[in-house]
Amino acid sequence: LVSFALVLTGNHVYTSGGMGTNYVAMRGALRAENDTASDIDSRLSVILPQRIEDQPLEVQEVLKKVKNVTELKRNDLPLDKASRLCNTKLIEGASELIVFAYHDSWTVLDCAAEARRKDKLVTLMYLD
């Protein structure tokens, strides 16, 4: 719902791959794009730490509909390290971050801290 509303109000949504909040963000943004004029540029960018093929099948199906997908292809790294690199790329593209995290989601919480250090506006919402 958040990404749907953001896209409808003219914002650009950046997210990563995987299930959970990233998956929901992609679906919401795509739904909003479908509800608006077809001549607008895509307002959804997905940056993957690894390859599309490394994503769950449900995510791969959604990614086929996304125009702006960047694969970092960092399969040489463990997923948590590749995700940290991916999060840094996400921060570079955004002026504000809305972060959904659990209190023990260290990679996500580190991303929020990095964004704050780079003077980004960060809204952190805990899921637990």
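One structure accompanies this document, and this report is about it. (Residues numbered from 1 in each chain as written. Predicted model: local features only at pLDDT ≥ 70, side-chain atom pairs only at ≥ 80, totals over all residues. Heavy atoms only, no water.)

We now examine the packing of aromatic side chains. Summed over all chains, the structure comprises zero aromatic pairs. Between the NZ or CZ atom of R31 and the centre of the ring of F4, over which it lies, the distance is 3.9 Å. (Phe/Tyr/Trp six-rings, centres within 6.5 Å; stacked < 30°, edge-to-face > 60°. Lys NZ or Arg CZ within 6 Å of the ring centre and 35° of its normal.)

Let us now look at a nonpolar patch on the surface. Residues V2, I98 and M125 make up a contiguous nonpolar surface patch of about 220 Å² in total accessible area. According to the relative accessible area criterion, V2 is partly exposed, its value standing at 36%. (Patch = residues over 30% accessible without salt bridge, like charges linked within 9 Å, V, L, I, M, F, W, Y side chains within 5 Å. Areas by Shrake-Rupley, 256 points an atom, 1.4 Å probe, with all protein chains shown as cover. Salt bridge = Lys/Arg side-chain N within 4 Å of Asp/Glu carboxyl O. Buried < 20%, exposed > 50% of the residue type's maximum accessible area, 1.4 Å probe, protein only.)

It is worth spelling out the pattern of salt bridges at this point. Note that side chains of opposite charge can pair when their charged atoms are close. One pass over the full model with this rule turns up five salt bridges. Salt-bridge contacts for R51 lead to D54; the nearest nitrogen and oxygen are separated by 3.0 Å. Of the charged contacts, one joins R74 and D76 as a salt bridge, the two residues approaching to 3.0 Å between their closest N and O atoms. Exposure remark for D76: the relative accessible area of 55% places this residue in the exposed category.

Take the sheet that holds strand β1 (residues 13-15) next. One open sheet holds the three strands; their spatial order is β1-β2-β3, and the pairing between them is parallel. For this open sheet the edge positions go to β1 and β3 (68-71), each flanked by a neighbour on one side alone. This sheet shows a mean twist of 15° between the axes of neighbouring strands, independent of strand direction. Two strands pair when backbone bridges link them, and β1 and strand β2 (residues 44-48) are joined in this way by three bridges, in the parallel orientation. If you follow T15 over to β2, its bridge partner there is V46. Its contacts with the sheet place helix α4 (residues 79-93) against β1 and β2, and it is angled at close to 155° to β2. (Pairing = 2+ DSSP bridges. Helix = DSSP H or I, 4+ residues; strand = E, 2+ residues; numbered from the N terminus. Axes fitted to C-alpha atoms, helices over the stretch in contact; angles between N-to-C directions. Contact = heavy atoms within 4.5 Å.)

Bringing the environment of V122 into the picture now. Structurally, V122 is set in strand β5 (residues 121-126). Sequence spacing of V122 and G28 is 94 residues, and the spatial spacing of their C-alpha atoms is 20 Å. Dropping the residues within four chain positions of it, V122 is found in contact with L97, V99, A112, A115 and R116.

This part takes up the pairing of β5. Of the pairings in the sheet, the one linking strand β4 (residues 96-101) to β5 comprises six bridges and is parallel in character. Considered in β5, the bridge of I98 is made with T123.

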